[in-house]
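Architecture and fold: a report
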Amino acid sequence: MSDTLADRIVDAAVAEATTATWGALRLRRVAERLDITLAELGAVFRDKDAIADAWFARADAAMLSAGTGDFATLPARERLARVIMGWLDAMAGHRALTYQMLSEKLYLGHPHHNVALVLRISRTVQWIREAALLDSTGRRKQVEEIGLTALFIATVRRWTTDDSDGQVDTRAFLARRLAQADQLMARLWPPNSRLEP
């Protein structure tokens, strides 16, 4: 169990929402669970969406710890698979709740949440590139960012409905997509090509 107030609030919000839904979560109940005032909670998180962001930041942190052992010697697609699954594995015990958080961010009546979600995904994709040791620049970097964003969103979408043991279906989906991306990148930037790196 985490010991900072912010971490305790996230833990309590997740526990509270697990008994109902993220949409039904009321911050006053989270405050009551922690025996703090609503003002104390509000001083740490501006709203429920900020708590969801803190939940996703935990997944980012777990993902950044995925590169251990012989990680640097692995092919790029294996490094990417390990990093992306590190993000998903961090939340696997609360997959339905995570889906609810994402769905609320996508609600069309909340454009401020929609924009924040785009920025959150962009930030996570940048961390994926860093954690997977991708060092491309120029056009190749731009293509990688676009491709990784699409791949990440598709994989998260697949993961939200994956009830297989150990998320085997998501791992297989990600492996297939990474193999396809690897082939595409090899065509766009063949070894020893003179194209911009």
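Read on for an overview of the structure. Not measured: the values here are computed from a predicted model. Residue indices follow the written sequence of each chain, beginning from 1 at its first position. This being a predicted model, a pLDDT of at least 70 is required before a residue's local features are given, and a value of 80 or more before pairs of side-chain atoms are given or counted; all residues contribute to the totals for chains, interfaces and linings. Here the side-chain values reflect all heavy atoms present in the structure, with hydrogen atoms and water set aside.

With that settled, consider the overall build of the chain. Of regular secondary structure, the chain possesses nine helices and zero strands. Working definition: helices are DSSP H or I runs of at least four residues, strands are E runs of at least two. Numbering for both runs from the N terminus. From first element to last, N terminus to C terminus, the chain shows the α and β order α-α-α-α-α-α-α-α-α. Burial status follows relative accessibility: with a 1.4 Å probe on protein chains alone, a residue under 20% of its type maximum counts as buried, one over 50% as exposed, and anything between as partly exposed. Expressed as a percentage of its 197 residues, the buried residues of the chain come to 39%.

Moving on, we get to the packing of helix α1 (residues 5-18) against helix α4 (residues 48-64). Contact geometry of α1 with α4 gives a least axis separation of 10 Å together with a crossing angle of 100°. By the angle between their axes, α1 is roughly perpendicular relative to α4. Contact residues: α1 offers D7, I9, V10, D11, A13 and V14, while α4 offers I51, A54, W55 and R58. Three categories are distinguished: nonpolar for Ala, Val, Leu, Ile, Met, Phe, Trp, Tyr, Cys and Pro, charged for Asp, Glu, Lys and Arg, and polar for the others, with Gly belonging to the last. In the contact of α1 with α4, the residues fall into seven nonpolar, no polar and three charged. In this analysis an axis means a line fitted to C-alpha atoms, helices contributing only their contacting stretch, and an angle means the value between N-to-C directions, from 0 to 180 degrees. Note on terminology: angles under 35 degrees are roughly parallel, angles over 145 are roughly antiparallel, angles of 65 to 115 are roughly perpendicular, and the others are oblique. By definition in these notes, contact holds between two residues if any of their heavy atoms fall within 4.5 Å.

With that out of the way, let us pick up a nonpolar patch on the surface. Patches were defined on residues exceeding 30% relative accessible area and lacking a salt bridge, with like-charge contacts within 9 Å and nonpolar side-chain contacts (Val, Leu, Ile, Met, Phe, Trp, Tyr) within 5 Å. To be clear on the numbers: accessible area is Shrake-Rupley with a 1.4 Å probe, and residue cover counts the displayed protein chains and nothing else. When a carboxyl oxygen of Asp or Glu lies within 4 Å of a side-chain nitrogen of Lys or Arg, that pair is called a salt bridge. Together, V143, L184 and L188 make up an exposed nonpolar region whose accessible area comes to about 200 Å². Note that V143 resides in helix α8 (residues 138-159). What makes V143 partly exposed here is its relative accessible area of 31%.

With that settled, the discussion passes to the pattern of salt bridges. With the rule as written, the count across this model stands at 14 salt bridges. E145 is the salt-bridge partner of K141, the closest N and O atoms lying 3.7 Å from each other. Taken as a pair, K141 and E145 lie in helix α8 at a separation of four residues, close to a single helical turn. Assessed through its relative accessible area of 30%, K141 is described here as partly exposed. Because the salt bridges share partners, they merge into one network encompassing D7, D11 and R58.

Turning our eyes to something else, we now look at the nonpolar core. To form a nonpolar core, buried Ala, Val, Leu, Ile, Met, Phe, Trp, Tyr and Cys residues must be joined to one another through side-chain atoms within 4.5 Å. The biggest cluster of nonpolar side chains holds 48 residues, and the ones touching the most others in it are I9, W22, V30, F56, W87, M101 and I128. Elements with a minimum of two residues in this core: α1, α2 (27-34), α4, α5 (76-90), α6 (95-106), α7 (111-131), α8 and α9 (168-188). The leading source of residues in this core is α4, at eight residues. What F56 contacts, discounting residues up to four positions off in sequence, is W87, M91, T98, M101, L102, K105 and R120.

Its identity is not glycine, yet L133 carries a phi of approximately 65°, on the positive side. Here L133 lies in the loop between α7 and α8. For Q167, which is not glycine, the phi dihedral falls at a positive 55°. With respect to the helices, strands and loops of the structure, Q167 is situated in the loop between α8 and α9.

With that settled, the discussion passes to the environment of R79. Summarising the element assignment, R79 is placed in helix α5. Separated by 49 residues in sequence, R79 and I128 place their C-alpha atoms 9.5 Å apart. When sequence neighbours within four positions are dropped, the list of residues in contact with R79 reads F71, A72, L74, A132, L133 and L134. Two N or O atoms form a polar contact when they lie within 3.5 Å of each other; inside protein one atom must be a possible hydrogen donor and the other a possible acceptor, and for residues adjacent in sequence the pair counts only when both atoms belong to side chains. Engagement of the side chain of R79 in a polar contact is seen with the backbone oxygen of L74, the distance being 2.5 Å.

Here the focus is the packing of α5 against α8. The N-to-C vectors of α5 and α8 enclose an angle of 45°; their axes lie 11 Å apart at closest approach. Comparing their axes, α8 and α5 come out oblique. Considering the relative orientation of α5 and α8, their crossing is right-handed. The segment α5 lies against α8, with L80, I84, W87 and L88 engaging L148, L151, F152, T155, V156 and W159. Its residues assigned to classes, the contact of α5 with α8 comprises nine nonpolar, one polar and no charged. Should the near helix be turned counterclockwise from the far one by less than a right angle, the crossing is left-handed, whereas a clockwise turn marks it as right-handed.

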